[in-house]
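One letter stands for each residue in the lines below.
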Amino acid sequence: MAEEKKQSFEEAMQQLEEIVNKLEQGDVPLEQAISYYQEGMKLSKICGDKLEQVEKQMVEIVNNAGETEPFTVQEDD
């Protein structure tokens, strides 16, 4: 990834999915597979960091008292 621009979560996920598909095909030369793997790890970190940031924002939004509590999604039964 030569570009150092900020990527959206969706852009990073799309690139990560493309890398996974290429690696799953199994016909990638070893050097290229290593390069794809490294890029995939970077993209995975970007996605994880963005999810953590969103989770923190959700805690702040949901909790009006200003206390931080874990945010959990409640599923309908």
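For the structure itself, consult the block above.
Residues numbered from 1 in each chain as written. Predicted model: local features only at pLDDT ≥ 70, side-chain atom pairs only at ≥ 80, totals over all residues. Heavy atoms only, no water.

**Quick look at the overall build of the protein chain**
Scanning the protein chain from N- to C-terminus turns up two helices and zero strands. Relative to its full complement of 77 residues, the protein chain shows a buried share of 16%. Excluding contacts between residues fewer than 6 apart, the proportion of contacts in the protein chain whose partners are at least 24 apart in sequence is 49%. Entry remark: accessible area of the protein chain is about 6,700 Å², with carbon and sulfur atoms responsible for 51%. (Helix = DSSP H or I, 4+ residues; strand = E, 2+ residues; numbered from the N terminus. Buried < 20%, exposed > 50% of the residue type's maximum accessible area, 1.4 Å probe, protein only. Contact = heavy atoms within 4.5 Å. Areas by Shrake-Rupley, 256 points an atom, 1.4 Å probe, with all protein chains shown as cover.)

**Let's talk about helix α1 (residues 9-25)**
The end-to-end C-alpha separation of α1 is 25 Å, in line with the 24 Å expected for 17 residues at 1.5 Å each. Among the residues of α1, Ala-12, Leu-16 and Ile-19 are the ones counted as buried. Summarising the axial view, the buried residues of α1 lie within an arc of 60°, below the 170-degree limit, and thus occupy one face. Residues of α1 that are exposed and point more than 90 degrees away from the buried face comprise Glu-10, Glu-24 and Gln-25. At its buried positions, α1 is contacted by α2 (30-62). (Expected span 1.5 Å × (residues − 1). Arc of directions from axis to C-beta.)

**Describing α2**
Spanning 33 residues, α2 covers 47 Å between terminal C-alpha atoms, matching the ideal 48 Å at 1.5 Å per step. For α2, the complete set of buried residues consists of Ala-33, Tyr-36, Glu-39, Gly-40, Leu-43, Cys-47 and Val-59.

**Let's talk about the environment of Ile-46**
If you trace the backbone, Ile-46 turns up in helix α2. Judged by its relative accessible area of 24%, Ile-46 falls in the partly exposed class. Along the primary structure Ile-46 and Ala-12 are separated by 34 residues, whereas in three dimensions their C-alpha atoms are 7.1 Å apart.

**So, the pattern of salt bridges**
For the structure shown, the criterion picks out one salt bridge. Residue Asp-49 is joined to Lys-45 by a salt bridge in which the shortest nitrogen-to-oxygen separation is 2.9 Å. In this pair, Asp-49 and Lys-45 both sit in helix α2, four residues apart, roughly one turn of the helix. (Salt bridge = Lys/Arg side-chain N within 4 Å of Asp/Glu carboxyl O.)

**Some points on the nonpolar core**
Ala-12, Leu-16, Ile-19, Tyr-36, Leu-43 and Cys-47 form the largest nonpolar core, which has six residues in total. Put simply, the parts of the chain that give this core at least two residues each are α1 and α2. Sequence-distant contacts of Ala-12, that is, excluding residues within four places in its chain, are made with Gln-7, Leu-43, Ile-46 and Cys-47. (Core = buried A, V, L, I, M, F, W, Y, C linked by side-chain atoms within 4.5 Å.)

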